[in-house]
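# Architecture and fold: a report
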Amino acid sequence: MASRSPRTSSPSSLQYDLDLDVSISEANTSTSLDPPPANHTFISLKKRMIAAKACKSITNLDNPPANDPINKYTKGDMPNVYYNHPTAALDFIDIDQIDDWENLPDGKLLAHPFGHEVRNIEAHQRIKARLFAAIVEITQSESVGICSLCPCSSATGTPLIFLIFNILELHRQMLLKREVWSSSMFTFRVTTLDPVCPDYLFAITQLTIKAEEHIKDIVHKVRSAQGTTDVLQNIIDALPNDEKAAAAKDLNDFIKLMWVKKLGTKKFGGATAPTFNILANGKLIKDDDIWCHLRDYLAAQTYAPPFQDAGPASTNLHRCSICQSVDHPRGLCAFPHLEGWNGPSWELPNTR
Ligand SMILES: [Zn+2]
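Summary of the structure given here. Quick caveat: nothing in here was measured; it's all calculated off a predicted structure. Numbers given for residues are sequential positions, taken from 1 along each chain in its written order. Only residues with pLDDT of 70 or above have their local features reported here, since the model is predicted, and side-chain atom pairs are shown and tallied only from 80 upward, although totals for entire chains, interfaces and linings are computed over all residues. Derived side-chain values reflect all non-hydrogen atoms in the structure, with water molecules and hydrogen atoms excluded from consideration.

### Observations concerning the overall build of the protein chain
The condition is simple: Strands are runs of DSSP state E lasting at least 2 residues, helices are runs of H or I lasting at least 4, and numbering of each runs from the N terminus. Buried residues are those whose accessible area, probed at 1.4 Å on protein chains only, stays under 20% of the maximum for their type, while exposed residues exceed 50% and partly exposed ones sit between those limits. Working rule for contacts: check all heavy atoms of both residues, and any pair within 4.5 Å makes them a contact. Per-residue and other accessible areas follow the Shrake-Rupley method at a 1.4 Å probe size, with only the shown protein chains counted as cover for residues.
Tallying secondary structure elements over the protein chain gives nine helices and nine strands in all. Per-residue burial for the protein chain yields a buried fraction of 42% across its 352 residues. Long-range pairs, those at least 24 residues apart, make up 71% of the contacts in the protein chain between residues at least 6 apart in sequence. Here the protein chain displays about 18,900 Å² of accessible surface, and carbon together with sulfur accounts for 54% of that area.

### Examining the coordination of the zinc ion
Short version of the rule: Coordination here is defined by N, O and S atoms within 2.8 Å of the metal (3.2 Å for Na, K and Ca), and since water is not considered, a site can look incomplete. Geometry is assigned from donor-metal-donor angles: four donors are tetrahedral when every angle falls between 85 and 135 degrees, four are square planar and six octahedral when opposite donors sit over 155 degrees apart with all other angles between 65 and 115, and any other arrangement is irregular.
Around the zinc ion, the protein contributes the donor atoms Cys320 (SG), Cys323 (SG), His328 (NE2) and Cys333 (SG), at 2.1 to 2.3 Å from the metal centre. Each of the four donor atoms around the zinc ion contributes to a set of angles spanning 101 to 119°, which defines the coordination as tetrahedral. Considered as a linear motif, the donors of the zinc ion on their single chain read C-x2-C-x4-H-x4-C. Of the two residues, Cys320 and Cys323, neither departs from the other in class, the shared state being buried.

### Focus: the sheet that holds strand 7 (residues 259–263)
Short version of the rule: Strand pairing is assigned whenever DSSP identifies at least 2 bridges connecting the two strands. To get an axis, a line is fitted to the C-alpha atoms, and for a helix only the part in contact is used. The angle between two axes follows their N-to-C directions and goes from 0 to 180 degrees.
Strand order in the open sheet made by the four strands is 7-8-6-9, with antiparallel pairing throughout. Looking at the sheet topology across the chains shown, the edges are occupied by strand 7 and strand 9 (313–314). Of the strands in this sheet, strand 7 and strand 8 (275–279) touch helix 6 (residues 212–223), which is tilted by about 140° from strand 7.

### Concerning unusual backbone geometry
The phi angle of most residues is negative, glycine excepted, and most peptide bonds adopt the trans form. The backbone of Phe92 shows a phi angle near 75°, a positive value even though the residue is not glycine. Structurally, the position occupied by Phe92 is in the loop between helix 2 (38–59) and helix 3 (97–101). Looking at Phe92, the relative accessible area reads 33%, which means it is partly exposed. A positive phi angle, close to 70°, is found at Glu179, a residue other than glycine.

### Regarding the sheet that holds strand 3 (residues 162–165)
The sheet built from five strands is open, its strands ordered 2-3-1-5-4 with antiparallel pairing. Looking at the sheet topology across the chains shown, the edges are occupied by strand 2 (145–148) and strand 4 (180–182). The average undirected angle you get between the axes of adjacent strands in this sheet is 25°. Here strand 1 (residues 109–113) pairs with strand 5 (residues 187–191) via four bridges, running antiparallel. By the bridge assignment, Pro113 is partnered in strand 5 with Phe188. Against the sheet, helix 4 (residues 124–139) touches strand 1, strand 2, strand 3, strand 4 and strand 5, its axis set at about 155° to strand 2. Here helix 5 (residues 169–178) sits on the sheet in contact with strand 1, strand 4 and strand 5, set at roughly 80° to strand 4.

### What to know about helix 4
For an α-helix the count is 3.6 residues per turn, leaving residues at separations of three or four pointing the same way. The line we're drawing: By this rule the span expected of a helix is its residue count minus one, scaled by 1.5 Å. In this context, the arc is that of the directions from the helix axis out to the C-beta atoms.
Its 16 residues give helix 4 an end-to-end C-alpha distance of 22 Å, which sits within 8% of 22 Å, the value for a rise of 1.5 Å per residue. Of the residues making up helix 4, those classed as buried are His124, Ile127, Lys128, Leu131, Phe132, Ala134, Ile135, Ile138 and Thr139. Burial along helix 4 is one-sided: seen end-on, the buried residues are contained in an arc of 165°.

### Some points on the pairing of strand 3
The alternating pattern of strand 3 places Phe162 and Ile164 on one face and Leu163 and Phe165 on the opposite face, and all of these are buried. With three bridges connecting them, strand 1 and strand 3 associate as antiparallel partners. Paired with Leu109 across the bridge in strand 3 is Ile164. Pairing between strand 2 and strand 3: four bridges, direction antiparallel. Pairing of Gly145 across the sheet is with Phe165, part of strand 3.

### Structural notes on the state of the cysteines
Basically, it comes down to this: Any two cysteine sulfur atoms within 2.5 Å of one another count as a disulfide.
Tallied over the full model, the rule gives zero disulfides. You can see Cys197 has no disulfide; the closest cysteine sulfur is in Cys292, sitting 7.1 Å from it.

### Details of the nonpolar core
To keep things clear, this is the line we draw: Take the buried residues of types Ala, Val, Leu, Ile, Met, Phe, Trp, Tyr and Cys, join any two whose side-chain atoms come within 4.5 Å, and each joined set is a nonpolar core.
One finds Leu201, Ile215, Phe254, Ile278, Leu294 and Leu298 to be the most contacted residues of the largest nonpolar core, which totals 33 residues. Breaking this core down by element, the ones donating at least two residues are strand 6 (200–204), helix 6, helix 7 (226–237), helix 8 (241–256), strand 8 and helix 9 (288–299). With sequence-adjacent residues up to four places away left out, Phe254 is seen in contact with Leu201, Ala280, Asn281, Gly282, Leu284, Ile285, Trp291, Leu294 and Leu298. In this structure, Ala123, Ile138, Val144 and Trp181 belong to the second largest nonpolar core, which totals 24 residues.

### Quick notes on the packing of aromatic side chains
The test is simple: Any two rings among Phe, Tyr and Trp, with Trp reduced to its six-membered ring, count as a pair given centres within 6.5 Å; such a pair is stacked if its planes are under 30 degrees apart, edge-to-face if over 60, and tilted if neither.
Applying the stated criterion to the full structure yields seven aromatic pairs. Note on Phe114 and Trp341: the rings are 5.9 Å apart at their centroids and 45° apart in plane angle, and the pair reads as tilted. Taken together, the residues span a long stretch of sequence, with Phe114 in the loop between strand 1 and helix 4 and Trp341 in the segment after strand 9 at a distance of 227 residues. Comparing Phe114 with Trp341 shows no difference in burial state: the two are buried.

If you want it as C-alpha cells, here you go:
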C-alpha cells in the first residue's frame, strides 16, 4: 500500500517532496537576476493547479459534477458525534507518538472510522488502506500519508483514530466541511488535532417522568444552586487576573445555556425508559481541566423530580458502535436515517 508511517514514505509522495526540495534549493542558489529554472515553473504550476482544483471541489461540495468521485459520498447535514471528554479521541494511544507527529509534514487531521471493526487492532491495516484510498479519491492528493496509532502498553482499549498528514490546507478544509464521509467502501469522520471541549456532559436515567420540561426544571435548580455558584467562583478565583472577567462570562453562559435532549431508550422487553442527555456549549470552555472539573461536579449532583427518587447521572452510559458517539446506543443512531447513507447500519454480525 502506498500509505506511510512516520518513518517511511511512499515512492510517489517521496519523489514529489524531493522534486520540491530540489526546486527550492536550486532557486536559493540563483541570483535575483537569473530566470527561474524551468523545473521550478512546472512545479509551481502543478501546485497552483492542485490548489485550484481543491478550491473548486470545496465550492462544489454540495453539488459536485456528475463524474466527480465525491458523488458516491453521502451528502447533507451530519448529526453531531460526541465524546465524553475533550481528549477522548486519544484514549488508549501511546502518548509518545504525539511528539513524532511534529516531525510529519503539515496538513494534518484525525480520522475517526465508523463501525465496530475499528475496535479490533488486527483490522487496523485494512482500515488504514481503505482510509488512504478514500482520502486520495476525495482530494486527489499526491502526497497524503496515513498513520495508524500504537496502543499504550498499559491501556485496556484500542486506539480508534488514525492520523492523516501532508495534505493541502484546501483539502483539509474540504474534508472538514462535510466532516463525515460515507461511501459503501468506507465511512469516517474527520476532526482537527485541536479538539474543543464536548457539548455532551452526562445522561440521567431511571426517572419515571417523560416530559423534557420537568427535567429542564430539575437542571435549572442545580445550575442556580449556591453550590454551583461557589464552584464557578472558585474556578474564576484560581485564574490570572487578566482572564477572570472573560472566564466569568463564558462559565456563566455555559451554565445558563445547558440544555436537555430526550432519548427514546427502552428496557429489555420494550418498556419505556427514556434517557435525558444534558448538554452545554463546550466551546465556551477553553481549558480541558476546567471542563472536566465542572462536568464532574454537575454529574455528581442530585437530579430528582418532586417526591420522587433521583435518577443516576452517568458520563459514560452509551457508545454507539456505528458513529462512536457517547450520547446514544447504536439502535438510536441518526446516521442510518440520512438519505443516501452508505455507512454501517444497526445490524451487527450475529446480533439484532
Ligand atoms: Zn451513532
